[in-house]
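Reading the structure
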Amino acid sequence: MSTADGTSNYEYVNARVRARRAALFDDEDYRKLLRMGPGEIARYMEETEYESEVNALGARYDGVDLVEYALNRNLAKHFDDLLDWSGGKLYTLIARYLRKFDAWNVKTVLRGIYADADSQSVRDDLIHAGEFERSFLDRLADAGAIEDVVEMLHGTIFGDHLEAAYEDYDSTGLLIPLENAVDRAYYEGLMEGVTETENRATQLYVEFLQAEIDFRNIRNALRISRSGADIDPSEYFISGGRLFKAAELSQLAGNTDELISRVRESTYGSDLDEALDELERADSLIRFEHALDAALLEYSDHLSHVFPLSVCPVLAYILAKQKEVDNIRAIARGREAGLSEDEIEDELVIL
């Protein structure tokens, strides 16, 4: 395995990433999947780069279970490959970024307990691509209460933020404060110590993260605003972005049109015309959030094309691969639940 020692090998890693990116599902693949049942989806995946995972798991699982286990195993394998290929500073930047799956898993556990899901269902949704050991994630999934999870995460990067947010959760009965606290812990930890450098590679890393933080702040503020809870969005503002100050975001959260205008006039605007048009058309928070995801994917691709020999293509691939897995999972679950093709398509994020 490559390590943080040695020289960054951007050209080699990005060549490998381009090949992986070319293998991602396209619009035609999704159109085919939308017409299939869960078993057919698994068989279709067997003819793609998911073949080894579907074959390895096919004797134990079928239907949606087979699809989900294969997706999660494949995702973890691909991100392990990125670390295996990388050296020097590039390895460090990728490893830090992949901690986002620790954040994903913490939020998955919190949502599962909140929804009174059984621990096995929670485990099925975990993605083993971060730093937390599988045994620790299993213990989190087995926790009986939100408070137990917060206590178990004491001493991790999420501990202090979750403990501070627990009072808001307790008083409102909403998960939003805890989910936002997880995001805040991840992104602020990610930005710590990398913003004062003159190194071009790290500057591009920071630029990529700033975009993620800006879009995450928009999402979190809108969730709080539309929940009706007596929570000030500025209390869960993530520092490090470029678009907003905490107080500004609190004001904009209740005015979607003004919020979109602010993004359109920003450094992202010229690259996001189509995505911002979709934001304006969005008639629900879910559609708005999907449009935000598409906008971030589009911006990450822009950075990748402008700076092809940098960490940007790798980070853009991570986002795109994760979104492919989310899309396939949404289709399989939607078909199992008997949703129409149009209903499922509303859940997808496709550029």
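Residues numbered from 1 in each chain as written. Predicted model: local features only at pLDDT ≥ 70, side-chain atom pairs only at ≥ 80, totals over all residues. Heavy atoms only, no water.

Here we look at the side chain of glutamate 179
For glutamate 179, the position within the fold is in helix 12 (residues 176-191). What makes glutamate 179 buried here is its relative accessible area of 8%. If sequence neighbours within four positions are ignored, glutamate 179 has contacts with Lys107, Arg111 and Arg223. (Helix = DSSP H or I, 4+ residues; strand = E, 2+ residues; numbered from the N terminus. Buried < 20%, exposed > 50% of the residue type's maximum accessible area, 1.4 Å probe, protein only. Contact = heavy atoms within 4.5 Å.)

Section: the nonpolar core
Counting residues in each nonpolar core, the largest one holds 122 residues, and the members touching the most others are Tyr97, Leu162 and Ile328. Here this core takes 13 residues from helix 13 (residues 200-227), the largest share from any one element. If near-sequence neighbours (up to four positions away) are discounted, isoleucine 328 is found in contact with Phe25, Tyr30, Leu33, Ile41, Met45, Tyr50, Val67 and Leu71. (Core = buried A, V, L, I, M, F, W, Y, C linked by side-chain atoms within 4.5 Å.)

Considerations on helix 3 (residues 38-45)
Every buried residue of helix 3 is accounted for by Pro38, Ile41, Ala42, Tyr44 and Met45. Buried residues of helix 3, seen end-on, are gathered within an arc of 160° and therefore sit on one face of the element. Next to the buried residues of helix 3 lie helix 2 (27-34), helix 4 (51-57), helix 5 (63-85) and helix 18 (312-336). (Arc of directions from axis to C-beta.)

Re the pattern of salt bridges
Across all of its chains, the model carries 22 salt bridges by this definition. Between arginine 20 and aspartate 81 there is a salt bridge; the shortest N-O distance is 2.9 Å. Pair noted here: arginine 20 is in helix 1 (residues 10-22) and aspartate 81 is in helix 5, with a separation of 61 residues, a long-range link. We classify aspartate 81 as buried; its relative accessible area is 17%. Between aspartate 183 and arginine 216 there is a salt bridge whose closest N-O contact spans 3.6 Å. You can see aspartate 183 sitting in helix 12 and its partner arginine 216 sitting in helix 13, a full 33 residues away along the chain. Each member of the salt-bridge network shares a partner with another, and the members are Arg219, Glu289, Asp293, Lys323, Asp326 and Arg329. (Salt bridge = Lys/Arg side-chain N within 4 Å of Asp/Glu carboxyl O.)

A short note on the packing of aromatic side chains
Applying the stated criterion across every chain, the model contains 10 aromatic pairs. Considering the side-chain rings of phenylalanine 25 and tyrosine 50, the 5.9 Å spacing of their centres and the 90° angle between planes classify their relative orientation as edge-to-face. Linking phenylalanine 25 in the loop between helix 1 and helix 2 with tyrosine 50 in the loop between helix 3 and helix 4, this pair joins segments that are 25 residues apart in sequence. Here phenylalanine 25 and tyrosine 50 have matching classes, each one buried. Judged by centre distance (5.5 Å) and plane angle (55°), the rings of tyrosine 166 and tyrosine 169 are tilted. Here tyrosine 166 and its partner tyrosine 169 are both found in helix 11 (residues 159-172), three residues apart, which amounts to about one turn of the helix. Summarising the burial analysis for this pair, tyrosine 166 and tyrosine 169 share the class buried. Among the aromatic residues, those joined into a cluster by ring pairs are Phe25, Tyr30, Tyr44 and Tyr50. (Phe/Tyr/Trp six-rings, centres within 6.5 Å; stacked < 30°, edge-to-face > 60°.)

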